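Below are the chains, spelled out letter by letter.
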Amino acid sequence: MSTTTIGLDRVGSVAILRIAGDVTSGSEGDLMAGFNRAIDDGATAVVLDFSGMEYMNSGGIGLLVTLLVRAQRSNTR
């Protein structure tokens, strides 16, 4: 079970994903859903706000790499 929460804010064409809790491999669904919501809403750039993050392990770092690849493939900054 994931203890990650993802909030989504918008400033113009920039989406801000506010990541709180623990980021592990179990966070994949939450993180990718937040990213997809941002892209579906027309964001051309996504900022990751980790100020609410409590913990990240190597699985969470791997998710960030996956997120970067998805952003690059969708021409998102």
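The structure we're discussing is the one just above.
Criteria and thresholds
Residues numbered from 1 in each chain as written. Predicted model: local features only at pLDDT ≥ 70, side-chain atom pairs only at ≥ 80, totals over all residues. Heavy atoms only, no water. Salt bridge = Lys/Arg side-chain N within 4 Å of Asp/Glu carboxyl O. Helix = DSSP H or I, 4+ residues; strand = E, 2+ residues; numbered from the N terminus. Buried < 20%, exposed > 50% of the residue type's maximum accessible area, 1.4 Å probe, protein only. Contact = heavy atoms within 4.5 Å. Core = buried A, V, L, I, M, F, W, Y, C linked by side-chain atoms within 4.5 Å. Patch = residues over 30% accessible without salt bridge, like charges linked within 9 Å, V, L, I, M, F, W, Y side chains within 5 Å. Areas by Shrake-Rupley, 256 points an atom, 1.4 Å probe, with all protein chains shown as cover. Expected span 1.5 Å × (residues − 1). Arc of directions from axis to C-beta.

(A) Layout of the pattern of salt bridges. Summed over all chains, the structure comprises two salt bridges. For Arg 18, the salt bridge goes to Asp 9, with nearest N and O atoms at 2.4 Å. Across the salt bridge formed by Arg 18 and Asp 49, the nearest N and O atoms sit 2.5 Å from each other. Taken together, the residues Arg 18 in strand E2 (residues 14–23) and Asp 49 in strand E3 (residues 45–56) connect sequence positions 31 residues apart. Since its relative accessible area comes to 35%, Arg 18 is described here as partly exposed. If you follow the salt bridges from partner to partner, you end up with Asp 9, Arg 18 and Asp 49 in one network.

(B) The environment of Ser 74, seen in detail. Relative to the helices and strands, Ser 74 is located in the segment after helix H2 (58–73). C-alpha separation for the pair Ser 74 and Thr 44, spaced 30 residues apart in sequence, amounts to 9.0 Å. For Ser 74, the residues in contact, after removing those within four places along its chain, are Phe 35 and Ile 39.

(C) The arrangement of the nonpolar core in detail. Within the largest apolar cluster, 14 residues are counted, with the highest numbers of intra-cluster contacts made by Leu 31, Phe 35 and Val 46. The set of elements that each furnish at least two residues to this core consists of E2, helix H1 (28–40) and H2. Those residues in contact with Val 46, other than ones at most four positions away along the chain, are Ala 15, Leu 17, Phe 35, Ala 38, Ile 39, Thr 76 and Arg 77.

(D) How the structure looks around a nonpolar patch on the surface. Nonpolar side chains collect at one region of the surface, where Ile 61, Val 65 and Val 69 lie side by side and expose about 240 Å² of accessible area between them. Looking at where Val 69 falls in the secondary structure, it is placed in helix H2. Given the relative accessible area of 32%, Val 69 is considered partly exposed.

(E) Layout of H2. Here H2 is 16 residues long and its end C-alpha atoms lie 23 Å apart, about the 22 Å a rise of 1.5 Å per residue gives. Among the structural elements, E2, H1 and E3 are those in contact with the buried residues of H2. Once H2 ends, the next one or two residues include Asn 75, with phi positive near 55°.

(F) Structural detail: H1. Here H1 spans 18 Å end to end across 13 residues, near enough to the 18 Å set by a 1.5 Å rise per residue. Among all positions in H1, only Leu 31, Met 32, Gly 34, Phe 35 and Ala 38 are buried. All buried residues of H1 project into a common sector of 155° when viewed along the axis, lining one side. Exposed residues on H1 whose side chains face more than 90 degrees from its buried face are Gly 29 and Asp 40. The inward-facing, buried residues of H1 contact strand E1 (4–11), E2, E3 and H2. Immediately beyond the C-terminal end of H1, within one or two residues, lies Gly 42, with a positive phi of roughly 95°.

Nothing here speaks to function; it is all geometry.
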